[in-house]
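Observations on chain architecture
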Amino acid sequence: MSSGSWALADEVKDYLVAMGVREASALAELRIATADLEQSGMQISPEQGAFMQMIVRLTGARQILELGTFTGYSALAMALALPSDGHITCLDTSEEWTTMARQHWQEAGVGDRITLHLGPALDTLDQWLAEGRTNAFDLAFVDADKANLLAYHERCLPLLKPGGAILYDNVLWGGSVVDSSNQKPSTEAIRALNRTLHADERVDIVMVPVGDGLTIARKR
């Protein structure tokens with residue numbers, strides 16, 4: 001995640017948010033509350049939240065899957081953009097962070113639109129696939145641990161309806177993806193995902209420099 005779009009000067013970021021984003025008060029309150037946490041840099045930026053809301057509205061998505069919820073900003077942003085019969089299913093492992101998320105979802109009046117599963121995402125995804133749960137989601141947002149990115153991709157695709165899209169966060173990784181001296185496992189995992197998505201003929205892709213880099217992969 002990233003609290004602001006990558007490689008923009010601070011004054012440009014401020015202008016972008018001021019003129020290009022209509023952040024709901026519930027989102028602003030959650031963003032401010034999260035800023036007090038040591039891990040606050042994991043939260044997506046307001047402009048990324050607004051971008052994701054626009055995708056939800058443009059695609060008419062009703063069933064959304066989220067891998068990696070943190071304190072709930074991205075889920076809240078998408079929930080606020082959903083139609084009344086829409087729903088988000090979130091997978092995360094942290095009870096502490098998601099307790100904060102639940103509180104803000106309820107306060108924003110969208111708690112009934114979000115279901116949270118605590119536990120390793122791969123276990124849940126594998127269970128769904130074993131049960132034959134395919135073509136179930138219109139949209140997915142992947143912002144979980146980097147080590148399992150390729151595994152998430154292979155499991156999310158069959159769960160996604162044809163024409164649906166997966167949003168992959170952190171694909172620029174603060175610019176580390178082009179730093180050959182950076183061989184950290186997380187960086188290598190993101191590079192591997194980017195290469196895989198670029199070569200995967202099952203999806204149409206576009207990478208945009210919002211937040212820390214976001215790739216949209218549309219299932220053909």
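Above this note sits the structure.
Small disclaimer: the values here were computed from a predicted structure and weren't measured. (Residues numbered from 1 in each chain as written. Predicted model: local features only at pLDDT ≥ 70, side-chain atom pairs only at ≥ 80, totals over all residues. Heavy atoms only, no water.)

**With respect to the overall build of the protein**
The helix and strand tally for the protein stands at 8 helices and 7 strands. Taken against the 2.2 N^0.38 rule, which gives 17 Å for 220 residues, the C-alpha radius of gyration of the protein at 16 Å falls within 12% of a compact globule. Based on the C-alpha atoms only, the size of the protein along its principal axes is roughly 45 × 40 × 35 Å. A buried classification covers 52% of the 220 residues belonging to the protein. The long-range share in the protein, meaning contacts at least 24 apart out of those at least 6 apart in sequence, stands at 73%. In the form shown here, the protein has an accessible surface area of approximately 10200 Å², with 53% of it arising from carbon and sulfur atoms. Charge centroids of the protein, computed over 18 positive and 29 negative side chains, lie 7 Å from each other. (Helix = DSSP H or I, 4+ residues; strand = E, 2+ residues; numbered from the N terminus. Rg over C-alpha atoms; globule rule 2.2 N^0.38 Å. Buried < 20%, exposed > 50% of the residue type's maximum accessible area, 1.4 Å probe, protein only. Contact = heavy atoms within 4.5 Å. Areas by Shrake-Rupley, 256 points an atom, 1.4 Å probe, with all protein chains shown as cover. Lys, Arg positive; Asp, Glu negative; His and termini not counted. Charge placed at Lys NZ, Arg CZ, Asp CG, Glu CD.)

**Focus on the pattern of salt bridges**
If charged atoms from side chains of opposite charge come close, those side chains can pair. Using the criterion set out here, one finds 11 salt bridges in the structure. Salt-bridge contacts for arginine 62 lead to aspartate 85; the nearest nitrogen and oxygen are separated by 3.1 Å. Highlighted residues: arginine 62 in the loop between α3 (46-59) and β1 (63-67) and aspartate 85 in the loop between α4 (73-81) and β2 (87-92), separated in sequence by 23 residues. For arginine 155, the salt bridge is made with aspartate 126, and the minimal N-O distance between the two is 2.6 Å. Here aspartate 126 lies in helix α6 (residues 121-130) and arginine 155 lies in helix α7 (residues 149-159), a separation of 29 residues in the sequence. (Salt bridge = Lys/Arg side-chain N within 4 Å of Asp/Glu carboxyl O.)

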